[in-house]
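# Working through the structure, step by step
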Number of protein chains: 2
Amino acid sequence: MRLAELSERSGVPAATIKYYLREQLLQPGRRVTATQAEYGEEHLRRLRLVRALIQIGRVPVATAREVLAAVQDETLDLDARLGTAMQALPAGPRPDQEDPAAEAAEREVAKLLAELDWRCDPRATPYRTLVAAVAALTRLDYPAGLAHLAPYARAAAQLAVDDLDMVQEFEGPMAQVEAAVALTVLYEPVLLSLRRLAQAQESGRRFAAAEDGAPRNCP
Amino acid sequence: MRLAELSERSGVPAATIKYYLREQLLQPGRRVTATQAEYGEEHLRRLRLVRALIQIGRVPVATAREVLAAVQDETLDLDARLGTAMQALPAGPRPDQEDPAAEAAEREVAKLLAELDWRCDPRATPYRTLVAAVAALTRLDYPAGLAHLAPYARAAAQLAVDDLDMVQEFEGPMAQVEAAVALTVLYEPVLLSLRRLAQAQESGRRFAAAEDGAPRNCP
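Residues numbered from 1 in each chain as written. Chains lettered and ligands numbered in written order. Predicted model: local features only at pLDDT ≥ 70, side-chain atom pairs only at ≥ 80, totals over all residues.

A word on the overall build of chain A. A tally of regular secondary structure across chain A gives 9 helices and 2 strands. For chain A, the N- to C-terminal ordering of α and β elements is α-α-β-β-α-α-α-α-α-α-α. Looking at chain A residue by residue over its 219 residues, the buried ones come to 49%. Long-range contacts, defined as pairs at least 24 residues apart, comprise 58% of the intrachain contacts of chain A with a sequence gap of at least 6. (Helix = DSSP H or I, 4+ residues; strand = E, 2+ residues; numbered from the N terminus. Buried ≥ 20, exposed ≤ 12 C-beta atoms within 10 Å, placed from the backbone. Contact = placed C-beta atoms within 7 Å.)

By a frequent convention, interface size equals the accessible area lost on bringing the separate parts together. Across the contact, 86 residues belong to chain A and 86 residues belong to chain B. Among the elements that line the side of chain A that touches chain B, the one with the most residues is helix 9 (residues 173-207) of chain A, at 25 residues. Considering only residue class, the side of chain A that touches chain B consists of 53 nonpolar, 15 polar and 18 charged. (Nonpolar A, V, L, I, M, F, W, Y, C, P; charged D, E, K, R; others polar.)

Turning our attention to helix 8 (residues 146-167) of chain B. The terminal C-alpha atoms of helix 8 of chain B lie 30 Å apart, and with 22 residues this matches the ideal 32 Å at 1.5 Å per residue to within 8%. Looking only at helix 8 of chain B, the buried set comprises H148, L149, Y152, A153, A155, A156, L159, A160, D163, L164 and V167 of chain B. (Expected span 1.5 Å × (residues − 1).)

This part takes up the environment of H43 of chain A. Along the chain, H43 of chain A turns up in helix 3 (residues 41-56). Beyond its immediate chain neighbours, meaning those up to four positions away, H43 of chain A contacts L6, L26 and G29 of chain A.

What follows covers the relation of the copies chain A and chain B. Superposing chain A onto chain B takes a rotation of 180° plus a shift of 0.0 Å along the axis, which leaves an RMSD of 0.0 Å. Taken together, the rotation and translation describe the operation of a two-fold axis. Within chain A, the C-alpha atom positioned nearest to the axis of rotation is that of A155 of chain A, 3.0 Å from it. Looking at chain A, 100% of its interface residues are interface residues in chain B too, so the copies touch through the same face. (Least-squares fit on C-alpha atoms with pLDDT ≥ 70 in both.)

Once that is clear, we can look at the environment of T63 of chain A. Residue and element names in this part refer to chain A. With respect to the secondary-structure elements, T63 resides in helix 4 (residues 61-71). For T63, a count of 15 C-beta atoms within 10 Å corresponds to the partly exposed category. A C-alpha to C-alpha distance of 44 Å links T63 and R206, two positions 143 residues apart in sequence.

Before going further, it helps to examine the environment of P126 of chain A. Residues and elements named next belong to chain A. Among the secondary structure elements, P126 is positioned in helix 7 (residues 125-139). For P126, a count of 25 C-beta atoms within 10 Å gives the class buried. Sequence separation between P126 and E106 is 20 residues, and the spatial gap between their C-alpha atoms is 13 Å.

What follows covers unusual backbone geometry. Even without glycine at this site, Q24 of chain A takes up a positive phi of about 60°. For Q24 of chain A, a count of 13 C-beta atoms within 10 Å puts it in the partly exposed group.

Averaged over every residue, the pLDDT of chain A is 84; residues scoring 70 or more account for 89%. Predicted complex, confidence summary: ipTM 0.76, pTM 0.76. (pLDDT = per-residue confidence, 0-100.)

This next bit is on the packing of helix 6 (residues 102-116) of chain A against helix 8 (residues 146-167) of chain A. All names here are of chain A. Closest axis-to-axis distance for the helix 6/helix 8 pair is 10 Å, and the angle between their directions is 50°. Taken together, the axes of helix 6 and helix 8 lie oblique to each other. In terms of crossing hand, the pair formed by helix 6 and helix 8 is right-handed. Contact residues: helix 6 offers E108, K111, L112 and L116, while helix 8 offers L146, L149, A150 and A153. Here the residues of the contact of helix 6 with helix 8 are counted per class, giving 6 nonpolar, no polar and 2 charged. (Axes fitted to C-alpha atoms, helices over the stretch in contact; angles between N-to-C directions. Parallel < 35°, antiparallel > 145°, perpendicular 65-115°, else oblique. Left-handed = near helix turned anticlockwise from the far one by under 90°.)

In structure tokens, the structure reads:
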């Protein structure tokens with residue numbers, strides 16, 4: 001298809017597509033004349049991922065380029081491509097950097113992951129984010145021991161199974177790596193907002209003074 | 001205790017405490033002389049919450065003030081205080097506003113919550129965030145049907161039980177509402193980073209070409 005059709009089918013303005021092409025976020029089409037190129041389904045699919053990263057995930061363009069380079073590195077197996085792409089994704093909200101509780105948090109996280117038999121590189125972004133978050137909890141004297149963290153890890157393990165099941169609905173390694181990256185970003189607000197809605201239900205069940213037992217407020 | 005001791009025990013500089021007092025984020029101490037006030041454990045506890053909101057949650061000062069006003073409104077029962085405080089918390093990453101898929105997402109979310117028998121105000125912040133996130137998924141043609149959302153809702157329901165169990169480790173309604181707000185904010189990065197680590201484990205299990213079966217990369 002030509003650029004105009006790619007724009008129509010993706011809902012992305014032609015000028016934006018040209019910008020993505022210049023920034024190497026979208027692979028070039030197949031040249032048919034000096035001024036025209038032909039695009040395929042793989043361009044349509046890639047555009048979805050670029051929009052997920054840039055517009056919705058608010059990932060900086062340079063970072064998106066790194067993630068996409070990993071996605072299309074066909075010298076690596078699927079797990080390695082996924083790992084590299086995920087590593088390039090920015091971390092979520094980052095707690096305090098200079099935290100005196102960091103050392104204790106480091107040990108706590110290592111213990112948790114050992115107990116779960118998860119093998120993780122301690123330099124990886126989500127590992128650092130986790131340590132910083134546990135350090136922030138510890139520093140503020142909120143509960144963050146093994147017994148408190150373990151239920152969240154169990155929930156995360158279950159979510160990861162659902163995440164990867166969804167990824168495997170896509171066909172072919174390239175589409176799967178792209179989906180994994182996009183779904184990681186796009187399901188974060190789904191998960192966090194569902195958690196807040198569920199808290200409101202549970203709060204209603206436990207604490208509401210309402211006569212009918214129906215939760216009266218939802219944040 | 002005097003301001004100096006409050007500063008030492010909380011690890012918050014005296015100048016910052018004075019700023020929080022001026023901004024009405026911290027309730028005033030009990031005046032003992034014209035220039036000195038006495039602070040108690042409730043000030044120490046409130047300071048932790050203020051730090052969780054402002055430094056770690058990056059909540060704007062005006063929003064933090066709203067949340068705290070709800071926390072201390074003793075005319076309401078615990079569930080109502082929790083609901084109001086949570087409602088004032090800012091939403092997570094917000095997907096596209098002007099999304100043509102919004103109407104379909106609205107119906108999908110309503111159906112999901114009805115099936116779960118969750119009673120939620122559709123104007124509430126996390127409800128709006130959820131609709132926007134589902135709309136973004138739909139618009140980009142990623143899976144976001146009932147069958148896809150339900151496992152995340154089930155995980156969220158389980159997490160809410162863990163969350164509220166943790167809240168009930170605190171004694172008294174004021175400490176519980178404060179903890180609920182702080183833990184909601186502080187456990188978001190814990191949850192999101194654990195999800196990414198768990199995805200790496202699951203990806204290793206499913207996709208790694210490594211001989212020993214050990215996941216080789218963790219994002």
